[in-house]
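Fold and geometry: a report
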Amino acid sequence: MAMHLPVRPVWTCAGCGQVWPCLTRKRQLLAEFAGARVSLMLYLTQFFVEACVDMPTTTTGTLYHRLFAWPYEPTDAPPREQDRRRLHG
């Protein structure tokens, strides 16, 4: 099983070579931190700081979007039951 961890200092995925976090790692993180979005964001903060140091010519806005925006973007996963109830009453 491939480990989808960041390869520093270029921040590509060790498992698939895509930009990190890759789609697989994003899905893994969402599963690992299900119901704990704040904890996920705190976890990603350490990577944000490290990426800022490793890639000083990359804007912080770019890194912010890369590491913090994706958990709030729509996914192809079906909504969880509690989300369905909240949306549909």
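Refer to the structure above for everything that follows.
This text gives an overview of the structure that appears in the document. Think of each chain on its own: its residues are numbered from 1, step by step along the sequence as written. Only residues with pLDDT of 70 or above have their local features reported here, since the model is predicted, and side-chain atom pairs are shown and tallied only from 80 upward, although totals for entire chains, interfaces and linings are computed over all residues. Hydrogens and water are ignored here; the side-chain numbers use all heavy atoms of the structure.

1. Notes on unusual backbone geometry
If a residue is not glycine, its phi is most likely negative; likewise, a peptide bond is most likely trans. Following Arg 8, the chain continues into Pro 9 via a peptide bond in cis, with omega recorded as 15°. Going along the chain from the N terminus, every DSSP run of H or I of four or more residues is numbered as a helix, and every run of E of two or more is numbered as a strand. In this structure, Pro 9 sits in the loop between β1 (6-7) and β2 (12-13). Cis geometry is adopted by the peptide bond preceding Pro 21, which originates at Trp 20 and carries an omega value of 5°. Within the element layout of this structure, Pro 21 appears in the loop between β2 and α1 (23-32). Phi is positive for Trp 11, close to 60°, though the residue is something other than glycine. Along the polypeptide, Trp 11 turns up in the loop between β1 and β2.

2. Some details on the packing of α1 against helix α2 (residues 37-54)
Put simply, α1 and α2 touch, their axes get as near as 10 Å, and they point 135° apart. Considering the angle they form, α1 stands oblique to α2. Across from Arg 25, Leu 29 and Leu 30 in α1, the residues of α2 making contact are Arg 37, Leu 40, Tyr 43 and Leu 44. The axes are straight lines fitted to the C-alpha atoms, using for helices just the contacting stretch, and the angles between their N-to-C directions are given from 0 to 180°. Each angle gets one of four labels, with under 35 degrees taken as roughly parallel, over 145 as roughly antiparallel, 65 to 115 as roughly perpendicular, and the rest as oblique. Should any heavy atoms of two residues lie within 4.5 Å, those residues are counted as being in contact.

3. A look at the pattern of salt bridges
Salt bridges are identified by distance alone: a Lys or Arg side-chain nitrogen within 4 Å of an Asp or Glu carboxyl oxygen. One pass over the structure, following the stated rule, counts three salt bridges. The salt bridge involving Arg 8 is made with Glu 50; its shortest N-O contact spans 3.3 Å. A residue pair is termed long-range when its members are at least 10 positions apart, and Arg 8 in the loop between β1 and β2 and Glu 50 in helix α2 qualify at 42 residues. Residue Arg 8 is classed as partly exposed on the basis of its relative accessible area, which comes to 42%. Buried residues are those whose accessible area, probed at 1.4 Å on protein chains only, stays under 20% of the maximum for their type, while exposed residues exceed 50% and partly exposed ones sit between those limits.

4. A closer look at the packing of aromatic side chains
Each aromatic ring pair is characterised by the separation of its centres together with the angle its planes make. A pair of Phe, Tyr and Trp rings is counted when the ring centres sit within 6.5 Å of each other, with Trp represented by its six-membered ring. The angle between the planes then sorts it: under 30 degrees is stacked, over 60 is edge-to-face, the rest tilted. Tallied over the entire structure, the rule returns seven aromatic pairs. Ring geometry for Trp 20 and Phe 47: centres 4.9 Å apart, planes at 55°, overall tilted. You can see Trp 20 sitting in the loop between β2 and α1 and its partner Phe 47 sitting in helix α2, a full 27 residues away along the chain. Here Trp 20 matches Phe 47 in class, with each residue buried.

5. Side note on the side chain of Arg 25
Among the secondary structure elements, Arg 25 is positioned in helix α1. Residues in contact with Arg 25, not counting those within four places in the same chain, are His 4, Trp 20, Glu 32 and Tyr 43.

Scope: geometric values only; no functional claims are made or implied.
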